[in-house]
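Okay, here's what each chain looks like letter by letter:
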Amino acid sequence: MNKHIEAYPAYVGWDVFSRCNHNCFYCYNYWRNKSELAPAETTDRLSSIADFIISKKPAIVLISGGEPLLIFDEIKHHIIRFYNHNIFVRIQTNGSLITDDVAKFCAEYKVHLMVSFPCQKKEIFEKITNSCNTYEKVIQGMDYLKQHKVIFSPNIVVSKMNLYELQNTTDFLIDRYNCEKLFISRVTRPSN
């Protein structure tokens, strides 16, 4: 290998926030509960991390959490900075906080999203996510993404709760959103 060629990471994952408005039983943030939430990173700390990422010149940054859209106003600036440095951004989200403005922003800065969508049946969806009244918000969020032609991929984590609805869920997503990609994985126990 030529010693004058520097190696850059192709991909960087950045968990910007540990809090989430869902509490999915399979989440890798298994230590999180409603009474013990880690504080958000400070604005200075987020800027410092973004500076470090930019200095490493990755091709892609995957922003996740918790739920990164809970602090969307704080990370927008960094997404623009990544865009201006030709760093492609993906956001992993539960989708419940995607607004028309978020979708417009993602369209403008070519941000792709991975949206967690466990089931097309509301009662199963809300049982898996341990949330109330977010099913419609996730659907509305994906509708906004479609309207603004933002590329997004639904992600289905399969467990005993939604296994027998998998075909109906994938049919729903393909019919409604004409998805080019769907991610499906089985539930796994957190490593710790």
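The sections below set out a description of the structure shown in this document. Fair warning: this is a prediction, and the values are worked out from it, not measured in the lab.

**Section: the packing of helix 5 (residues 135-147) against helix 6 (residues 166-177)**
For the pair helix 5 and helix 6, interaxial distance at closest approach is 11 Å and the crossing angle is 35°. Between helix 5, through Ile139, Met142, Asp143 and Lys146, and helix 6, the contact on the second element is made entirely by Phe172, Leu173, Arg176 and Tyr177. When its residues are assigned to classes, the contact of helix 5 with helix 6 shows five nonpolar, no polar and three charged.

**Considering the packing of aromatic side chains**
Per the counting criterion, the structure on display carries 10 aromatic pairs. Between Phe72 and Phe105 the ring centres are 5.3 Å apart and the planes differ by 90°, which places this aromatic pair in the edge-to-face class. Placement of the pair is Phe72 in helix 2 (residues 72-84) and Phe105 in helix 3 (residues 100-108), with a sequence separation of 33 residues. On the basis of relative accessible area, Phe72 is assigned to the buried category, the value being 8%. Residue classification places Phe105 among the buried positions, given a relative accessible area of 9%.

**Some thoughts on the nonpolar core**
Trp14, Ile63, Ile79, Phe82, Ile91, Leu113 and Met142 are the most contacted members of the largest nonpolar core, which totals 43 residues. Dropping the residues within four chain positions of it, Phe82 is found in contact with Trp14, Ala50, Ile53, Ile54, Val61, Ile63, Ile87 and Val89. Among the nonpolar cores identified, the runner-up in size contains six residues, and Cys24, Cys119, Ile124 and Ile128 belong to it.

**Side note on the layout of surface pockets**
The space that makes up the second largest pocket amounts to roughly 350 Å³. Taken together, 16 residues line the second largest pocket, and the ones lying closest to its centre are Val150, Ile151, Phe152, Asn178 and Glu180. Among the secondary structure elements, those contributing two or more residues to the lining of the second largest pocket are strand 3 (88-93), strand 4 (112-116), helix 5 and strand 5 (152-158). Here the lining of the second largest pocket is built from residues that sort into eight nonpolar, three polar and five charged.

**Details of the sheet that holds strand 5**
Overall, parallel pairing links the six strands, which are arranged 1-2-3-4-5-6 in an open sheet. Bordering the open sheet on either side are strand 1 (11-17) and strand 6 (183-186), each of which pairs with just one other strand. Within this sheet the neighbouring strands show an average axis-to-axis angle of 20°, counted without direction. For strand 1 and strand 2 (residues 60-65), the ladder comprises six bridges, and the chain directions are parallel. Note that in strand 2 the partner of Phe17 across the bridge is Gly65. The sheet contacts of helix 5 involve strand 4 and strand 5, and relative to strand 4 the element is tilted by about 160°.

**Let's talk about the pairing of strand 5**
With seven of seven residues buried, strand 5 lies mostly within the body of the structure. As paired elements, strand 4 and strand 5 share four bridges and run parallel to each other. Each residue of the ladder has a partner; that of Ser116, found in strand 5, is Asn155. Bridge count between strand 5 and strand 6: four bridges; the pairing is parallel. For Asn155, the partnering residue across the bridge sits in strand 6 and is Phe183. The parallel pair strand 5 and strand 6 is bridged by helix 6, and the resulting crossover is right-handed.

**Points about the side chain of Asn155**
Counting through the fold element by element, Asn155 comes out in strand 5. Judged by its relative accessible area of 13%, Asn155 falls in the buried class. Setting aside residues up to four positions removed in sequence, Asn155 forms contacts with Met114, Val115, Ser116, Phe117, Phe183 and Ile184.

About the thresholds
Residues numbered from 1 in each chain as written. Predicted model: local features only at pLDDT ≥ 70, side-chain atom pairs only at ≥ 80, totals over all residues. Heavy atoms only, no water. Axes fitted to C-alpha atoms, helices over the stretch in contact; angles between N-to-C directions. Helix = DSSP H or I, 4+ residues; strand = E, 2+ residues; numbered from the N terminus. Contact = heavy atoms within 4.5 Å. Nonpolar A, V, L, I, M, F, W, Y, C, P; charged D, E, K, R; others polar. Phe/Tyr/Trp six-rings, centres within 6.5 Å; stacked < 30°, edge-to-face > 60°. Buried < 20%, exposed > 50% of the residue type's maximum accessible area, 1.4 Å probe, protein only. Core = buried A, V, L, I, M, F, W, Y, C linked by side-chain atoms within 4.5 Å. 1 Å grid on protein atoms, 1.4 Å probe; cavity = no way out; pocket = protein on both sides within 12 Å on 5 of 7 lines; lining within 4 Å. Points joined across faces, edges and corners; volume = space filled by probe spheres on them. Pairing = 2+ DSSP bridges. Right-handed = clockwise from strand over helix to strand, strands pointing away.

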